[in-house]
Amino acid sequence: LGEALPPELRRLCMRANIDASRGTDLDPSNAKAWLRKGQASLLMSAMQQRAKDAVRCFEVARSSGSLPASIKTEVDQWLRLARKMLDDQTDMPENCPQM
C-alpha cells in the first residue's frame, strides 16, 4: 500500500472498484460490497481522496446490519489502515496542537 502499482494490478483494482460500486448501488446495505469498494480504493493509489473514500466505505460497512460477524475484525483493520493513511496525507495547520 502506498506504492505505485504495476499497470496490470492497477487495472484489476480499478475493475474491483467498479464492481463493488455496482454492488453498493444495487444494494446500499451490502456490507461486503462496501468493504470491497474501500479495499479497492486504498489499493488503487495512496491519494488523500482515495483514503477518505475508503474510510467512508469501511464506516458504512461497519454500520450495516448485513455485516457478517466473521468479517467484522477485517473491516475494523481496514478502517484503521485507511484512517492512518488519511492522517498521514493530511497536513496539519501550523501551530495546531498534536494529540
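A brief look at the structure comes next.

Reading the values: rules and limits
- Residues numbered from 1 in each chain as written.
- Predicted model: local features only at pLDDT ≥ 70, side-chain atom pairs only at ≥ 80, totals over all residues.
- Heavy atoms only, no water.
- Helix = DSSP H or I, 4+ residues; strand = E, 2+ residues; numbered from the N terminus.
- Buried < 20%, exposed > 50% of the residue type's maximum accessible area, 1.4 Å probe, protein only.
- Polar contact = N/O pair within 3.5 Å; in protein donor to acceptor, adjacent residues only side chain to side chain.
- Contact = heavy atoms within 4.5 Å.
- Axes fitted to C-alpha atoms, helices over the stretch in contact; angles between N-to-C directions.
- Parallel < 35°, antiparallel > 145°, perpendicular 65-115°, else oblique.
- Left-handed = near helix turned anticlockwise from the far one by under 90°.
- Nonpolar A, V, L, I, M, F, W, Y, C, P; charged D, E, K, R; others polar.
- Phe/Tyr/Trp six-rings, centres within 6.5 Å; stacked < 30°, edge-to-face > 60°.

As a further point, take the side chain of S64. Within the secondary structure, S64 sits in the loop between α3 (48–63) and α4 (72–89). Classification of S64 by relative accessible area gives buried; the value is 13%. In this structure the side chain of S64 is engaged in a polar contact, spanning 2.9 Å, whose partner is the side chain of S66. With residues near it in sequence (within four places) discarded, S64 still touches S29 and A31.

The next subject is the packing of helix α2 (residues 31–44) against α3. Closest axis-to-axis distance for the α2/α3 pair is 8 Å, and the angle between their directions is 165 degrees. Between α2 and α3, the interaxial angle falls into the category roughly antiparallel. The element α2 and its partner α3 pack so that their crossing is left-handed. Taken together, the residues of α3 that come into contact with α2 (itself represented by A31, W34, L35, K37, G38, Q39, S41, L42 and M44) are R50, A51, D53, A54, R56, C57, F58, V60 and A61. Across the contact of α2 with α3, the residue classes break down as 11 nonpolar, 3 polar and 4 charged.

Bringing the packing of aromatic side chains into the picture now. Under the criterion given, the structure shown has 1 aromatic pair. Judged by centre distance (6.1 Å) and plane angle (35 degrees), the rings of F58 and W78 are tilted. Residue F58 is found in helix α3, and its partner W78 is found in helix α4; the two are separated by 20 residues along the sequence. Comparing F58 with W78, the two get one shared label, buried.

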